[in-house]
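# A look at the structure
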Amino acid sequence: MSNANLPQSITTVAARAGEQSVPSVNQPLVEPIYQSTVYSFPDLEALEASMAGQEGGYFYYRNGTPNAQSLERAVAQLERTEAAACGASGMAAISAAFLSVLKSGDHVVTDERVYGVSYALLRDELPRLGIEVSFVDALDLEAVAAAFRPTTRLLHVESLTNPLLTVVDVPALARLAHERGALLSVDNTFASPAMFRPAEHGADLITHSVSKYLSGHSTAFGGVVAGRADLVAAARLKLIRLGGTISAFDAWMTMQGLKTLGLRMRAHSGNAQAVADVLQNHPRVRRVYHPGLESHPQFKLAQELYPDGFGGMMSLEVEDASQFVRRLAGRIPLAPSLADVVSTLSHPWSTSHRALPEADRRRLDITPELLRFSVGIEDISDLLTDLESALE
Ligand code: PLP
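Criteria and thresholds
Residues numbered from 1 in each chain as written. Predicted model: local features only at pLDDT ≥ 70, side-chain atom pairs only at ≥ 80, totals over all residues. Heavy atoms only, no water. Near = heavy atom within 4 Å. Polar contact = N/O pair within 3.5 Å; in protein donor to acceptor, adjacent residues only side chain to side chain. Areas by Shrake-Rupley, 256 points an atom, 1.4 Å probe, with all protein chains shown as cover. Helix = DSSP H or I, 4+ residues; strand = E, 2+ residues; numbered from the N terminus. Contact = heavy atoms within 4.5 Å. Phe/Tyr/Trp six-rings, centres within 6.5 Å; stacked < 30°, edge-to-face > 60°. Buried < 20%, exposed > 50% of the residue type's maximum accessible area, 1.4 Å probe, protein only. Expected span 1.5 Å × (residues − 1).

What follows concerns the site of the ligand. In the vicinity of the ligand there are 14 residues, among which G90, M91, N162, D187 and S209 approach most closely. Contact between the ligand and G90: an oxygen atom at 2.8 Å from a main-chain N or O atom of the residue. Between M91 and the ligand, the recorded distance is 2.8 Å, taken from a backbone N or O atom to an oxygen atom. When isolated, the ligand has an accessible area of 390 Å², and the protein chains bury 91% of it. Top contributing element to the shell around the ligand by residue count: helix 4 (residues 90-101), with 3 residues.

This part is about the side chain of S192. Inspection of the secondary structure puts S192 in the loop between strand 5 (183-187) and strand 6 (205-209). Those residues in contact with S192, other than ones at most four positions away along the chain, are H208, Y213, L261 and M265.

Under the defined criterion, the tally for this structure stands at 5 aromatic pairs. Taking 4.7 Å as the distance between ring centres and 20 degrees as the angle between the ring planes, the aromatic pair formed by F196 and Y306 counts as stacked. Highlighted residues: F196 in the loop between strand 5 and strand 6 and Y306 in the loop between helix 11 (299-305) and strand 9 (313-318), separated in sequence by 110 residues. Y306 carries the same exposure label as F196, and that label is buried.

This part takes up helix 4. Relative to the 16 Å expected for 12 residues at 1.5 Å per residue, helix 4 spans 17 Å between its end C-alpha atoms, a close match to the ideal helical length. Taking burial as the measure, the 12 residues of helix 4 include 9 buried ones, the bulk of the element. At its buried positions, helix 4 is contacted by helix 5 (116-125), strand 4 (152-158), strand 5, strand 6, strand 7 (223-227) and helix 8 (229-242). At the N-terminal boundary of helix 4, the capping side chain belongs to S89, with an oxygen 3.3 Å from the backbone nitrogen of M91.

Moving on, we come to unusual backbone geometry. Most peptide bonds adopt trans geometry, and most residues besides glycine take a negative phi value. Following N162, the chain continues to P163 via a peptide bond in cis, the omega torsion being 5 degrees. Relative to the helices and strands, P163 resides in the loop between strand 4 and helix 7 (170-179). The phi dihedral of L165 is positive, around 55 degrees, even though this residue is not glycine. Mapped onto the secondary structure, L165 falls in the loop between strand 4 and helix 7. A positive phi angle is found at A339, which is not glycine, with a value near 80 degrees. By the element assignment, A339 lies in the loop between helix 12 (321-328) and strand 10 (344-346). Since its relative accessible area comes to 0%, A339 is described here as buried.

This is the structure in structure tokens:
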């Protein structure tokens, strides 16, 4: 081969080396990670086609990568929605969802039990933009209805609430919102689409923190909003303009975890139910919060809405939370996240719900003794041995 047309400068050769390789004629079984932050075009017409939204017309990382799009397609299929858009975190997805439907002068009704940072977003940030927010008990449908105003555009809840696993009546709330011309947004992080699909019950916008059950191994970070194509397109625009892009690597990692979502959720659900059944009768355990216990206030509704189980989340109050955590160290770590394949404990009082005033935390039963337990997929007999020895 002649090198006559190649540049001779080592600097130029090095800068251009290898970037014109021939794509593989065989399809890789697993999608590669597309790390390039920009794409090149043969001419202005090709550039224009991509900018105008041509299928597969990637041009700039912030606007979308093949890896993000694969995850979006997967989540839309799982949530049974028309579309989905990924973001850099669960909060990016929730913020984009809110900002895409709300403008100054609008009003939001939200469950007062939502995740602490969602609560802080609703309490501190939206009012600065001229959006008013009412916090209500979403279990009290009359209170929810009474909170609506002519300007109410959005009702926001979590399907299974963090951390006490209350079961919100999504079908009734969807009807209530739609009759009043509002949309229903449901944070489905705790349940995952393996256990509950809010769109099948009338929800318009569904959000997730993907570092939880969707990815499942505490190794990927991101968020997603799913729903009708026009609503998702509006949320995507906010994610792009506010810069909340998911990284290609995190989208790719989430796809690896997603492959076992069904298997993991079955294992999480079975273990959490078994742990709740045992701990509810333990003399050193004051309270257990799990929707599969007959003592749970929404037990009947939970059976109707969640025929396949509830995932791995539960909460408990023990006599001495600090000692319990210390005695489990090395086996069930204290780690302020959830949904890993290994069991973890967290302390909502000092982490997820820290933003709520102390009196509100206590009123909502989020006490300093409360521990949230993300039950993993370990062998159930090992888990029960660990828990029982820590309670001795
Ligand atoms: N929603 C729920 C229920 C959560 O538990 C969390 C985080 O723990 C979020 C949203 C926020 O997600 P992220 O931390 O990915 O921003």
